Number of protein chains: 2
Amino acid sequence: MNPTIQDVARLANVSIATVSRVLNDQPGYSEKTKQKVLKTIEELGYQPNAIARGLVNRKTSTIGVLFPSVSGLLSAEILHGIEAKAHEHGNSVIVCNTAENREKTIKYLQVLQEKRVDGLIFVSEAVTDEYYEIFSRMDIPVVLVSTESYHHPLPYVKVDDRHAAYAATRHLIEEGHTNIGMMAGDPDDLIAGWPRIEGYRLAMREAGLSLDDSLIEPCESFQYKDGKSGFTSLMNRHSELTAIFAASDELAIGAISAAYNKSIHIPDDVSIVGYDNLLLAEMSVPPLTTIAQPFQRMGSRAVQMMVDLINGEDAESAILPHELVIRDSVKRR
Amino acid sequence: MNPTIQDVARLANVSIATVSRVLNDQPGYSEKTKQKVLKTIEELGYQPNAIARGLVNRKTSTIGVLFPSVSGLLSAEILHGIEAKAHEHGNSVIVCNTAENREKTIKYLQVLQEKRVDGLIFVSEAVTDEYYEIFSRMDIPVVLVSTESYHHPLPYVKVDDRHAAYAATRHLIEEGHTNIGMMAGDPDDLIAGWPRIEGYRLAMREAGLSLDDSLIEPCESFQYKDGKSGFTSLMNRHSELTAIFAASDELAIGAISAAYNKSIHIPDDVSIVGYDNLLLAEMSVPPLTTIAQPFQRMGSRAVQMMVDLINGEDAESAILPHELVIRDSVKRR
DNA sequence: TTTTATAACGTAAACGTTTACGTTCACTTC
DNA sequence: GAAGTGAACGTAAACGTTTACGTTATAAAA
């Protein structure tokens, strides 16, 4: 059985109030009793019960984080940033995998509410009206990562997808390419789909290049397998392409893999630039030129906003800078 | 302000005991009052306070999971399995990143103890005497994943590394290779290092092949960069090699990358088999033949053991089966 | 009709903290 | 010497549950 503050008080011949005071170093005791209390705490190996604390303080020092998928590298890196910063601020994080599923999400939100978490971080997923309703009822700070909500006033931290996609396409253009296709996400996805397409289009238009819609291959998701099939499909339509902007690293790697099977050489025949800069971008053969999203920083920034909000300060949404990471998947023409 | 059980009781004209009873469906109330209570719970949107519950029940329905690294794919997959099974059993999981650092680990264990988690899952890291001391004092179930402890009686779930490494090497031998090297982890690592080397040696000896120690390249860690340098170093010593068993997929991918730079063709010049079967094994060019560890199952199995232990049953350690996944990085001779 | 058993509740203590408030006591201050 | 002041404590209520135990009413049994 864990010793309680009562045990400490009894052994130290003081009241529990005094023990509590030295524990939270508030004034109201002499140096001598402080030492006495500290010593018996040490002797007993006393650890304050955070549950009891949470009950009276109405604060659990715990935040809930909701991911659409927890096995991906992207989530892993964001989680890493979140975990580090949270720990720095004395907060624990409960991970939840929504699997992009409404019921699971709602169930999780209920659990998190019952556990009285101090805040919520919602990652890479669209906020439905229903979710927002629940957020409001929960009455705790919510911050969005790698997503944003046009309909609901929630603070977010993300990169500017349009700008980033523009930068990727622009790089291809500056390297002398003129036949540039895109492997995109779902155009109806207003967060990660549409803006990247827009960025690509912007760069193409600006350079006076073709804006033909058939140059854009809409993929079902951002995953590897979609990259494989998307590349084939896109190249079948447009064999003249010398460069492709892929809206995710996984799509890009899928494309590289498909190219390899067709004996299309990267980057000699076709140049590719990816998006995300996951660990695997560096491991790819050839190493992938890509747009880096600062995932860890996004995570830690979100936590910083979270603690600010919890402390009653207000937090502003943040657009974090992306970065073009040049490796070997683009060839100058 | 969240409504409490008191509010429900008052509005329903019953005592809090009755409300509590219908909440936990224990006997002691009529069908009519049950409906009445349920209705006012619905009206108020009442959610029981898990903190208060935890205080009296001495049970938080939360387990702590300690990872040496949270950004890696390996951890991500294990976490996925853990999270899913935990949620299934109504448990939440708090993730902790020890960074293989003593102070961080100890700090985290303290936090988890203060938060009164019901159990601990310790992943992919060696259990020091000091850690074990703390586990004992915490007096909650601990289960190990992808690691084990020879000195301490802790239940674990992992694969048989020696067998798995044997199977990998054996596959190379059966494909007609005789000059087979190994890129290994730290031989002093009794968990992931030594047993895999032993498995390799066993297969080599059994086949009557060379057991020369210089055929084994000990890498600093299991990471990509070590694979790159390790491959170069190994091939410089033994240019006659036609096959390599790498003790991790990352090492294997690093080797493939280094080979690419030296214009050594995989698998035509050198065959490679990896270990882990991470997502990137499939994405590699060429796709990597490797030993699959069932990470998700390992995670969920660990949670199952955890809940058994919490319920007072005892749990037996589990060796989960590995599997050889054949892709395109090995060529028949 | 009286007794007894049982269903259907209510009361209050307990879980381990924090904190407002009250008390004691030694020192100043006049 | 009396009054006032502040430091150094102690007391007890509160946080929101669960649950052992006590109470009441109702129905069955004698």
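Owing to the predicted nature of the structure, the values given are computational and were not obtained by experimental measurement.

Caption draft 1: Focus on the sheet that holds strand β6 (residues 180-184) of chain B. All names here are of chain B. As summarised here, the arrangement of the six strands in space is β7-β6-β8-β9-β10-β12, forming an open sheet in which the pairing is mixed. Of all strands in the sheet, those with a lone pairing partner are β7 (216-218) and β12 (323-325), marking the two edges. Pairwise comparison of adjacent strand axes, ignoring direction, gives a mean angle of 20 degrees for this sheet. Alignment of strand β9 (residues 271-276) against strand β10 (residues 289-292), held across four bridges, turns out to be parallel. Considered in β10, the bridge of Tyr275 is made with Ile291. The sheet contacts of helix α8 (residues 161-174) involve β6, β8 (243-246), β9, β10 and β12, and relative to β9 the element is tilted by about 160 degrees. Together, β6, β7 and β8 form the strand contacts of helix α9 (residues 194-206), whose direction differs from that of β6 by roughly 170 degrees.

Caption draft 2: Here's a closer look at the protein's contact with DNA strand C. Taken together, 27 residues lie near DNA strand C, and A:Ile5, A:Ser20, B:Ser15, B:Ala17 and B:Ser30 sit nearest. For the surface near DNA strand C, the secondary-structure elements that each account for two or more residues are α1 (5-12), α2 (16-23) and α4 (50-57) of chain A together with α2 (16-23) and α4 (50-57) of chain B.

Caption draft 3: Highlighting the protein's contact with DNA strand D. Lining the immediate environment of DNA strand D, one finds 26 residues, of which A:Ser15, A:Ala17, A:Ser30, B:Ile5 and B:Ser20 sit closest. For the surface near DNA strand D, the secondary structure elements donating two or more residues are α2 and α4 of chain A together with α2 and α4 of chain B. Of the residues in the surface near DNA strand D, the class split is 14 nonpolar, ten polar and two charged.

Caption draft 4: Spotlight on the domain arrangement of chain A. One can read the domain layout of chain A as domain 1 (5-48), domain 2 (60-159 + 295-320) and domain 3 (161-294). Placing a centre on the C-alpha atoms of domain 1 of chain A and another on those of domain 2 of chain A gives a separation of 37 Å.

About the criteria used
- Residues numbered from 1 in each chain as written.
- Chains lettered and ligands numbered in written order.
- Predicted model: local features only at pLDDT ≥ 70, side-chain atom pairs only at ≥ 80, totals over all residues.
- Pairing = 2+ DSSP bridges.
- Helix = DSSP H or I, 4+ residues; strand = E, 2+ residues; numbered from the N terminus.
- Axes fitted to C-alpha atoms, helices over the stretch in contact; angles between N-to-C directions.
- Contact = placed C-beta atoms within 7 Å.
- Near = placed C-beta within 6 Å.
- Nonpolar A, V, L, I, M, F, W, Y, C, P; charged D, E, K, R; others polar.
- Domains from an automatic or database assignment.

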